[in-house]
Amino acid sequence: MTATTDVPGAELHTIAGTDIPVITANTVVVGTGSAGFCAADRLWELGTDDIVMVTDKVGAGASRNAGSDKQTYYKLSLSGAEADSVDEMAQTLFSGGAMDGDNALAEAALSARGFLRLCDLGVPFPQSRYGEFVGYKTDHDPRRRGTSVGPYTSRSMVEQLEKKVARNGTPIYDDCRVVDLVVDHEGRSSAVRGILLLRTDVPHDGERSPFLLVRCTNVVYATGGPAGIYATRVFPNGQWGASGAAYRAGVHGKNLTEWQFGLASTKPRWNVSGTYMQVVPRFVSTDADGGDEREFLTEAIPDYGRMLTLVFLKGYQWPFDIRKARDGSSLIDLLVYRETVLRGRRVFLDFRSNPVRETFDHAELEPEALEYLEKAGVLFGTPIERLRHMNEPAYQFYLDKNPYVDLEQEMLEVDVCAQHNNGGLLVDAWWQSNITGFFPVGEAGGAHGVYRPGGAALNSGQVGATRAAQFIAARRTDDPVDPDAFAGAAEPVVAGAIALAETAAARRAGGAPDNTGDLLTQVQELMSAKAGPVRSPESIQEALVQVHEWLSTYSDLISADQTSRRSMNRTFLVRDILTTAYIYLSAMADYVGHGGKSRGSVLYTDPQGQLPLVGYGENAEAELDLPELFRFTLDGGALAHEVQETAWVAPAGDASGACAPSEIPTAEPAFSEILAREGADPAGLPVFRWRPVRPLPTGDDFFENVWKAYREDGNVH
Ligand SMILES: Cc1cc2nc3c(=O)[nH]c(=O)nc-3n(C[C@H](O)[C@H](O)[C@H](O)COP(=O)(O)OP(=O)(O)OC[C@H]3O[C@@H](n4cnc5c(N)ncnc54)[C@H](O)[C@@H]3O)c2cc1C
């Protein structure tokens, strides 16, 4: 049955006994960040203009709302006399460990193309008088491949791409939260058929359907990182992610354990990298009410010059790097973590006065720091005087934020925050997942390995989006399945969503208090306390037991106010977050079970390991007096050539989700369970496998041969 609806371009269909608007397009792009807009524009440029975009909030997302002192974009060198090559850049990316070589090569090969496209669209990357795009060295970067527009590089990218997509005339459906994917599982081959969305601006009063379906051939999933699983995060407000829906539909995950954490202010959320650290502020902690103020770094780092130097180094050694926790600057992150998580205190940066002493006794700084600050002409005064001398915009920045902070007058609250997920949904060389027609791009996809150069996330988003668009335009232009076949595939997910909304509303109507907000906070806080930058096998297990309990009893637990759109929205949001948290925690448990040790931005407690060391002077090799939780062993690259892959098996009898273990589309090795769970466990079953990284391709680059193949199929295969 079809009729007009209040959704432009949609037809009303009756599915699972309810009238629901359905939009039809070749491709839906989900998410309006830098990756999503890039994919939509590339598709349009390549002639695939039967596309729509959907998003939960067009103005949300990390690209538009996050940044740092100097937000970096990583690309092939395009200036100067230093040699660089696609091969060398691919090697750099690949050497991060646990990264697939085909993704590394594509990210290197397409980096100049993606970057120059942004320049042409109006992103003001600095260039010399002769057009050289000069660069600087960023972390894990042997060249000078980093560039920046300033604090808001990714915002500028989004703004220019958004204008272009508007000029293309691509429709954007705002206020649409992903609920579930519509996927056909036929034996070992699965194909996406569409997506189910909740319209968060529509009341649940029975007048109009609060749901919307898209029937399509391809889904480009640019929903960003699953930021919502952590409470302590520097992802902007309103960035949640939608990874749970993808796992529920059978999309595999990769390197899920690999998050990046670092020091950031929490109100407002912003990385305190670069100058904020280089001017060496005073670190203080207080009790929960702001009383009992004390400087705490000196407890573990009594040497004044050493302490100043480690704080200074945090400026350009920003992410928490476990290799630098042994005897380097990442000790600072651990000491902050001890105050906030282990001691329940609050930590602040005070720019108004110098650390420990009234004067800044710079002569005690180690040479690297001293030379830098001398060159910058700031061997004087207080941290705020140095900050305003070196980087006035960094001071102004906090004045302009909401809530604003005047660093001249008040302290800035900070913590060790989740900032980026290097892992994510599995992608192949064309950013297609294991589900045909489903392409995770940007931070939702898991293209990175353990370490990555600063700025590689933004490059990866542009490259993945371009690759997905190229593949779709060349190989996936078919019409979506017919309406009846689509209705059959969509029925279980629609029925499941309606049932969940009705059950939650009925419980609230029956008198149970609305618990959507509390559950959200509880799971986020649990994840930050037990599965953040410091994890132990016990803390992971503890969180796993709790999250499993919430998820497996979710439909008996959730109570939502039907008259509140926010509450109904959260009913689906919390399920997505719980699913994601459950799968991520299981991945951490599997990592430990596989012999994984501390690496990247994570410390895994190991009673056989060492505590961080004094690191200087006669006792350099002595262990510091720190909590046993900080005892760790470096993995030393032991698992750098392997990738952990994750799949979620739906509970037996659940027709809406992923397929049974025997049907998982899989190459060798097979997936294995790490948890003893019943087949009917309502939380489903996460399963894992470890496979070798896909190597860096060493294809034929003889021009005649590449050209011949290109004439046949554009080399899209
Ligand atoms: C503080 C900070 C500093 C950073 N600095 C750098 C840097 O210097 N260099 C670098 O390379 N990277 C950096 N990153 C990482 C980089 O910014 C992100 O990885 C990148 O912007 C992600 O882009 P994206 O398009 O994939 O996702 P986002 O820009 O996050 O967009 C996601 C989109 O999906 C939508 N969405 C989310 N959930 C749902 C849902 N459930 N349903 C529907 N829509 C949904 C959102 O509304 C949004 O439109 C930084 C990140 C942070 C947080």
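Before reading on, note that the structure itself is shown above.
Quick caveat: nothing in here was measured; it's all calculated off a predicted structure. (Residues numbered from 1 in each chain as written. Predicted model: local features only at pLDDT ≥ 70, side-chain atom pairs only at ≥ 80, totals over all residues. Heavy atoms only, no water.)

## Quick notes on unusual backbone geometry
Going from Lys267 to Pro268, the amide bond is cis rather than trans, its omega being 0°. Tracing the backbone shows Pro268 in the loop between strand E11 (259-266) and strand E12 (269-271). In this chain, Asn402 is followed by Pro403 through a cis amide linkage whose omega measures 0°. Mapped onto the fold, Pro403 is located in the loop between helix H14 (392-400) and strand E16 (412-421). Positive phi is not limited to glycine here, since Ala98 has a value of about 60°. Its identity as a non-glycine residue notwithstanding, Val280 has a phi of 55°, on the positive side. (Helix = DSSP H or I, 4+ residues; strand = E, 2+ residues; numbered from the N terminus.)

## Looking at the side chain of Arg306
Within the element layout of this structure, Arg306 appears in helix H10 (residues 304-313). What makes Arg306 buried here is its relative accessible area of 7%. Aside from chain neighbours lying at most four places away, what touches Arg306 is Ile301, Asp327, Gly328, Glu366, Val614, Gly615 and Tyr616. (Buried < 20%, exposed > 50% of the residue type's maximum accessible area, 1.4 Å probe, protein only. Contact = heavy atoms within 4.5 Å.)

## Some words on the pairing of strand E2 (residues 18-30)
The buried fraction of E2 amounts to 10 of the 13 residues, a majority that puts the element mostly inside the structure. Where strand E1 (residues 11-15) meets E2, 5 bridges bridge the pair, whose relative direction is antiparallel. Within the sheet, the bridge partner assigned to Glu11 lies in E2 and is Val22. Linking E1 back to E2 in an antiparallel pair, the connection comprises 2 residues, with Ala16 at a positive phi of about 50°. Direction of pairing for E2 relative to strand E9 (residues 211-221): parallel, over a ladder of 8 bridges. From the neighbouring strand, Val22 faces E9, where its bridge partner is Leu213. Bridge count between E2 and strand E3 (residues 51-54): 4 bridges; the pairing is parallel. Residue pairing in the sheet places Val29 in a bridge with Met53 of E3. (Pairing = 2+ DSSP bridges.)

## Considerations on the site of the ligand
Taken together, the neighbourhood of the ligand is formed by 36 residues, with Asp56, Ala62, Ser63, Thr72 and Glu443 sitting nearest. A distance of 2.8 Å separates an oxygen atom of the ligand from a polar atom in the backbone of Ala62. Here a nitrogen atom of the ligand and a backbone polar atom of Gly241 are 3.2 Å apart. Taken by itself the ligand offers 1,000 Å² of open surface, and the protein chains cover 97% of this. (Near = heavy atom within 4 Å. Polar contact = N/O pair within 3.5 Å; in protein donor to acceptor, adjacent residues only side chain to side chain. Areas by Shrake-Rupley, 256 points an atom, 1.4 Å probe, with all protein chains shown as cover.)

## Describing helix H6 (residues 153-168)
An ideal rise of 1.5 Å per residue puts 22 Å on 16 residues; H6 measures up with 23 Å between its terminal C-alpha atoms. The set of residues buried in H6 consists of Thr153, Ser154, Ser156, Met157, Val158, Gln160, Leu161, Lys164, Val165 and Asn168. (Expected span 1.5 Å × (residues − 1).)

## Some thoughts on empty space enclosed by the protein
Within the structure shown, the criterion is met by 4 cavities of 30 Å³ or more. A volume near 140 Å³ is recorded for the largest cavity. Along the walls of the largest cavity sit 15 residues, with His140, Gln260, Pro319, Asp321 and Tyr451 positioned nearest its centre. The residue makeup of the lining of the largest cavity, split by class, is 5 nonpolar, 6 polar and 4 charged. Put simply, the second largest cavity is a space of about 60 Å³. Taken together, Ser77, Ser79, Glu82, Gly135 and Arg144 make up the lining of the second largest cavity. Each residue belonging to the lining of the second largest cavity can be placed in one class, and the counts come to no nonpolar, 3 polar and 2 charged. (1 Å grid on protein atoms, 1.4 Å probe; cavity = no way out; pocket = protein on both sides within 12 Å on 5 of 7 lines; lining within 4 Å. Points joined across faces, edges and corners; volume = space filled by probe spheres on them. Nonpolar A, V, L, I, M, F, W, Y, C, P; charged D, E, K, R; others polar.)

## Quick look at the environment of Pro210
Following the sequence through the fold, Pro210 ends up in the loop between strand E8 (189-199) and E9. Separated by 288 residues in sequence, Pro210 and Ile498 place their C-alpha atoms 9.7 Å apart.

## As for the environment of Asp361
By the secondary structure assignment, Asp361 is in the loop between strand E15 (346-350) and helix H12 (367-375). Along the primary structure Asp361 and Gly97 are separated by 264 residues, whereas in three dimensions their C-alpha atoms are 41 Å apart. Not counting chain neighbours up to four residues away, the residues in contact with Asp361 comprise Tyr304 and Leu308. Within polar-contact distance, the side chain of Asp361 engages the side chain of Arg357 at 2.9 Å.

## Quick word on the packing of aromatic side chains
Scanning the model with the defined rule gives 26 aromatic pairs in all. Taking 5.0 Å as the distance between ring centres and 90° as the angle between the ring planes, the aromatic pair formed by Tyr230 and Trp259 counts as edge-to-face. In this pair, Tyr230 sits in the loop between E9 and helix H7 (243-248) while Trp259 sits in strand E11, placing the two residues 29 residues apart along the sequence. Both residues of the pair, Tyr230 and Trp259, count as buried. An aromatic cluster is built from Tyr152, Trp270, Tyr276, Phe351, Phe397 and Tyr398, whose rings are joined through pairwise contacts. For Arg323, the ring lying beneath its charged end belongs to Tyr451, and the centroid distance is 3.7 Å. (Phe/Tyr/Trp six-rings, centres within 6.5 Å; stacked < 30°, edge-to-face > 60°. Lys NZ or Arg CZ within 6 Å of the ring centre and 35° of its normal.)

## So, the sheet that holds E15
What the 6 strands build is an open sheet, ordered E12-E11-E16-E15-E13-E14; its pairing is antiparallel. A single partner strand is all that each edge strand has here, and the edge strands are E12 and strand E14 (294-295). Bridge count between strand E13 (residues 282-286) and E15: 5 bridges; the pairing is antiparallel. Looking at the pairing, Ser285 lines up with Val347 of E15.

## Comments concerning the nonpolar core
If you look at the biggest cluster of nonpolar residues, it comprises 156 residues, and the most contacted ones within it are Ile195, Leu213, Tyr221, Tyr276, Phe283, Leu407 and Phe438. The greatest single-element share of this core, amounting to 15 residues, is contributed by helix H20 (residues 565-593). Each residue touching Phe283, except ones within four places of it in the same chain, is listed here: Leu263, Met277, Arg294, Glu295, Phe296, Leu297, Val311, Ile332, Val336, Val347, Phe348 and Leu349. (Core = buried A, V, L, I, M, F, W, Y, C linked by side-chain atoms within 4.5 Å.)

## Overview of a negative patch on the surface
Negative charge collects at one region of the surface, where Asp49, Asp50, Asp478 and Asp479 lie side by side. Following the sequence through the fold, Asp479 ends up in the loop between helix H15 (456-475) and helix H16 (483-509). Given the relative accessible area of 67%, Asp479 is considered exposed. (Patch = residues over 30% accessible without salt bridge, like charges linked within 9 Å, V, L, I, M, F, W, Y side chains within 5 Å. Salt bridge = Lys/Arg side-chain N within 4 Å of Asp/Glu carboxyl O. Lys, Arg positive; Asp, Glu negative; His and termini not counted. Charge placed at Lys NZ, Arg CZ, Asp CG, Glu CD.)

## A closer look at the packing of H16 against H20
Packing of H16 against H20 leaves a shortest axis separation of 10 Å and a crossing angle of 115°. In this structure, the crossing between H16 and H20 has a hand that is right-handed. Contacts from Ala497, Leu500, Ala501, Ala504 and Ala505 in H16 reach Met568, Thr571, Phe572 and Arg575 in H20. Looking at the contact of H16 with H20 residue by residue, the class counts come to 7 nonpolar, 1 polar and 1 charged. (Axes fitted to C-alpha atoms, helices over the stretch in contact; angles between N-to-C directions. Left-handed = near helix turned anticlockwise from the far one by under 90°.)

## Considerations on a nonpolar patch on the surface
Residues Phe703, Trp707 and Tyr710 make up a contiguous nonpolar surface patch of roughly 390 Å² in combined accessible area. Structurally, Tyr710 can be placed in helix H21 (residues 703-713).

## Remarks on the environment of Gln239
By the element assignment, Gln239 lies in the loop between E9 and H7. Residue classification places Gln239 among the buried residues on the basis of a relative accessible area of 8%. Distance from Gln239 to Gly224, taken between C-alpha atoms, is 7.6 Å for residues 15 residues apart in sequence. Once residues within four sequence positions are removed from consideration, Gln239 is found in contact with Gly61, Ala62, Thr223, Gly224, Gly225, Ala227 and Gly228. Separated by 3.0 Å, the side chain of Gln239 and the backbone oxygen of Gly225 make a polar contact.

Such coordinate-based values are descriptive only and should not be taken to indicate function.
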